[in-house]
Each structure stands twice: as C-alpha cells, then as structure tokens.
Amino acid sequence: MSKANVIFRAGLLAVPALALQVGLTQLQQSAGYQAFGTAAAQEEKEEQETRRTPALRNKVYEKLAEAQAFAEEKQLGEAAKVLDGMLKRSSGKNELNSYELANVYNLYAFIHYSNEDYDKALQAYENVVRQPEIPLAMEINTRYTIAQLYFVQERWREGIAALKEWFELTDTPNANAYVLLSQGYYQLKDYDEALRNIETAIAMYRDKNKIPKEQWFNLARFLYMEKNQLDNAQAMLEELLFFYPKKQYWVQLSYIYSERQNESRQLAAMETAYDLDLLEKDGEYRNVASLFLAQSVPYKAGKVLREGLKEEIVEDKSKNWELLAGAWRQAQEIDWAIPAMEKAAAKSDSGDLYARLGSIYLDGEQYDKAIESINKGLQRGGVKRPDNARLVLGMAYFNTNQYEKARDAFRAAGRDERSKQYARQWIKYMNSEIDRQKKLAEG
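Residues numbered from 1 in each chain as written. Predicted model: local features only at pLDDT ≥ 70, side-chain atom pairs only at ≥ 80, totals over all residues. Heavy atoms only, no water.

Between its first and last C-alpha atoms helix H20 (residues 367–380) spans 20 Å; for 14 residues at 1.5 Å apiece the expected length is 20 Å, and the two agree. Restricting attention to buried positions, one finds in H20 the residues Ala370, Ile371, Ser373, Ile374 and Gly377. As for H20, its buried residues are in contact with helix H19 (352–363) and helix H21 (386–399). Directly beyond the C-terminal end of H20, a positive phi value near 90° is found at glycine 381. (Helix = DSSP H or I, 4+ residues; strand = E, 2+ residues; numbered from the N terminus. Expected span 1.5 Å × (residues − 1). Buried < 20%, exposed > 50% of the residue type's maximum accessible area, 1.4 Å probe, protein only. Contact = heavy atoms within 4.5 Å.)

Written out as structure tokens, the structure reads:
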C-alpha cells in the first residue's frame, strides 16, 4: 500500500470526537425546570399505564418552588439549604411521601450536576427512581438522564445497562437513544452492536424524511470500514457528500474507490474536490497530480502542480518541481518543462537532475545547454543512469557537429550493457552522416 493510501486509510478510519448526547438543558429539565414531575423523555407518549401517585402537598410544593427559584438564579447553595431543611423536617405528619421525595432528589441532582459533581448527581437520580409510586413519565425521563450521566463519565458498561432499562420502560424510543447506545458499544469495541444501533437510528430518521446527523453517518462509515463492508462505506460517504459536502469526504471516497481498484472514480472524486477549491494541503495537490499522471492526463497534472506551487500550497522543494517538470514533459510542453526542471536541479544536491535537465534541453533543441547541464551532472555525481546521460550527451554533441566528443560519449555509454546496442546504433548513424556530408562537400 502506498504512503498516500496509508494516510487516506488513517483519515477514513478516524472517527470525529463523538459528542455524547447529554446537554445541560436536558439535565436541567430533569432537575425540575419543568413543572414538578411532568418532565418526560423526548418523543415519549402519554403514560402507558396508570400508577397510583401520592399527591404533592401545597406546603411541600411551595418549598420546592422556593428551592427551584434559588437554583434558577444560580444560588445553588441556598437551594440546597432549602432541600436539606425539607429532609430534616421529614418525620411524623410532615414525612415526605415517595413522590415528594422524588422531586426533592430530582432538584438535588440538578444542583450537583450544575456543580459538576456527577457522582452525587447520579446518586440523587438513583434516589429518584428508587421511590415507589412515582409517575411513569418521571421514571422514564430520569432513567434516560442516569444513562447519559454514566456516558459523561465514560462509564460505558453502566451507561449501556442503564439505557437498556430505559428501553424496557418506553414504548417510543427515539433515534438519539439508539445513537447513544451505539456510542457506548463503539467505546467497548463491540462494533456489531454499535453498527446495529446506529443503523436503527439512521433508518428512523429516514423513515420520517429527516436528514440523519453528520456524526451518525461518520460513525456508521467507520464501522463499515472496520468490518470491511466497502459497499456500505461507499454508500455512506456518498450520502455524507450529498448532505454535508466537505473535502475530507471526497478524499475518503477517493480512497475507497482506490481500494476497489476503480482508478477512474478515484481520480474523479479527487478532481471534484480540487474543482470545488476544497484542497488545501501539499499532499492533496500532489496526490491529484499523481492520479492524473497515472491516468495519462499529464497536462492536468501540470496545471494542478503549477497552481499549488504558485499559491505556495505545494512546498517549494526539488521533488515537487521535478514532478511538475515530468508532467509538462509528458504533455509535450517542453517550454514549461525546462524552467521547472531548472528549479528542481538547482534545489538538489545530486547531479541526477542536471542530467535529466540536459535530456529536456535536448528535446527543446537547446543543445549547448544540454551539454553543459549533463556534464555538470556527471561531474557532481549521483546520476542514476550515467549511461543514459552519456547517450543524451552524445546526441547533443552530434547536433552541434562535435563528432569526436559525440563518439567518446557514445563509447562511454556503450560500456554499460543496458546502453551498448543504442550506443553502437548512434555511432553507426553518425559515421554514415559524416560520410554523407563528405560526399556532399566533394560533389
């Protein structure tokens, strides 16, 4: 696997930080920011069954209202004092019934949550659901909040267990609950259960003609990749691009096409990201250019690299100018290839690029520059194919009528078995050309 594909795969498998669906507003509602005992989980129906719930007495209601007023004004200590007093005076005729106690603990929970004391908030919510004969809607809402708080503390197993208890109580589980459950299983690396639940959440939104959240698509996409379900991962990325068009999804989709050996679509995805002006990194521009070159579209490769270098997105390095020069040369744009390779050679410590620059000069019929450049490269050293360089040098000498120097260059090239035949052919051709010129001169 190429370095570029390794980078793409890392990006494809990266899951954005999964924001747990626990909001302050939701917990505030659980803690009493609605009328006492009326808060219910989102999308919950009317109570499924009738429960005999003790009445909330006026004096108790007034004290709860006083504590809630303090809480709303952020006077949490004063709110707690009121609740402490209620529990202290709870005896005999003044003993709080289960419903009243549930509301006291509910408001305690909000106070602890506001102070970011999640352990005490959890204890308070657990005290709420321990009370017998509380309204079903109140229990449902509180159990959901308990699950959320476990997730906030990264207590994944306990959060999953609490959420399952909530599922047993409610007739109308919402998509957010399935996402929360999926996130819990994801954290435990139970990817089968994580995928099953996130798929359920996405399907619920689709059934209501609602757009699933970007984060949901991303979690599903990650899980499909982990299970090597490339068809599903591709489909998920295509949906992400439709609803949430971003550069990273074009890049990731390109990687999947590469995995499926669909080079034309791989290029199309990256080209689209480029055309939409979404690319902003050196490697992204070079990757697009390399894909164009692989698909034999060198002119577009050259345009991408030229723009990247001009905008200082592609790094001003020898290897990038070399890549640009190669693209222009393949596109037969020799006049553009020459200055690009000149910059590449100037930024290199090796003589190899000067030898290759000499070959481009030869293509551009700049023979004197070809001779100078190749000799400079050979003197500097590091030429990967000195035999090829000497063949080109011989051609340049030949075209400037320096036949003896050309012969020496061809002979030197012919000492390498890889160029022996070509060197002989050139010497033979040169000899015939010299004879032809003599006959013309004599005639």
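With a phi close to 60°, aspartate 277 is a non-glycine residue in the positive phi region. The topology assignment puts aspartate 277 in the loop between helix H14 (263–275) and helix H15 (282–294). Here asparagine 401, not a glycine, exhibits a phi torsion of approximately 65°, which is positive. Mapped onto the secondary structure, asparagine 401 falls in the loop between H21 and helix H22 (403–414). By relative accessible area, which is 51% here, asparagine 401 ends up exposed.

Moving on, we come to the packing of aromatic side chains. For any pair of aromatic rings, geometry is given as the distance between the ring centres together with the angle between the planes. Taken as a whole, this structure holds 22 aromatic pairs when the rule is applied. Consider the rings of phenylalanine 167 and tyrosine 178, whose centres lie 4.9 Å apart with planes at 55°: the pair is tilted. Placement of the pair is phenylalanine 167 in helix H8 (residues 156–169) and tyrosine 178 in helix H9 (residues 175–187), with a sequence separation of eleven residues. Of the two residues, phenylalanine 167 and tyrosine 178, neither departs from the other in class, the shared state being buried. Summarising the aromatic geometry, the rings of tyrosine 299 and tryptophan 328 are spaced 5.7 Å apart at their centres and angled 65° between planes, so their arrangement reads as edge-to-face. Taken together, the residues tyrosine 299 in helix H16 (residues 298–310) and tryptophan 328 in helix H17 (residues 318–330) connect sequence positions 29 residues apart. On the basis of relative accessible area, tyrosine 299 is assigned to the partly exposed category, the value being 37%. Classification of tryptophan 328 by relative accessible area gives buried; the value is 2%. Three or more aromatic residues joined by ring pairs make a cluster, and in this case those are Phe398, Tyr403, Phe410, Trp426 and Tyr429. A cation over a ring is seen here: lysine 210 above tyrosine 205, with NZ or CZ 4.2 Å from the ring centre. Above the face of the tryptophan 336 ring, arginine 306 is positioned so that its terminal group lies 4.8 Å from the ring centre. (Phe/Tyr/Trp six-rings, centres within 6.5 Å; stacked < 30°, edge-to-face > 60°. Lys NZ or Arg CZ within 6 Å of the ring centre and 35° of its normal.)

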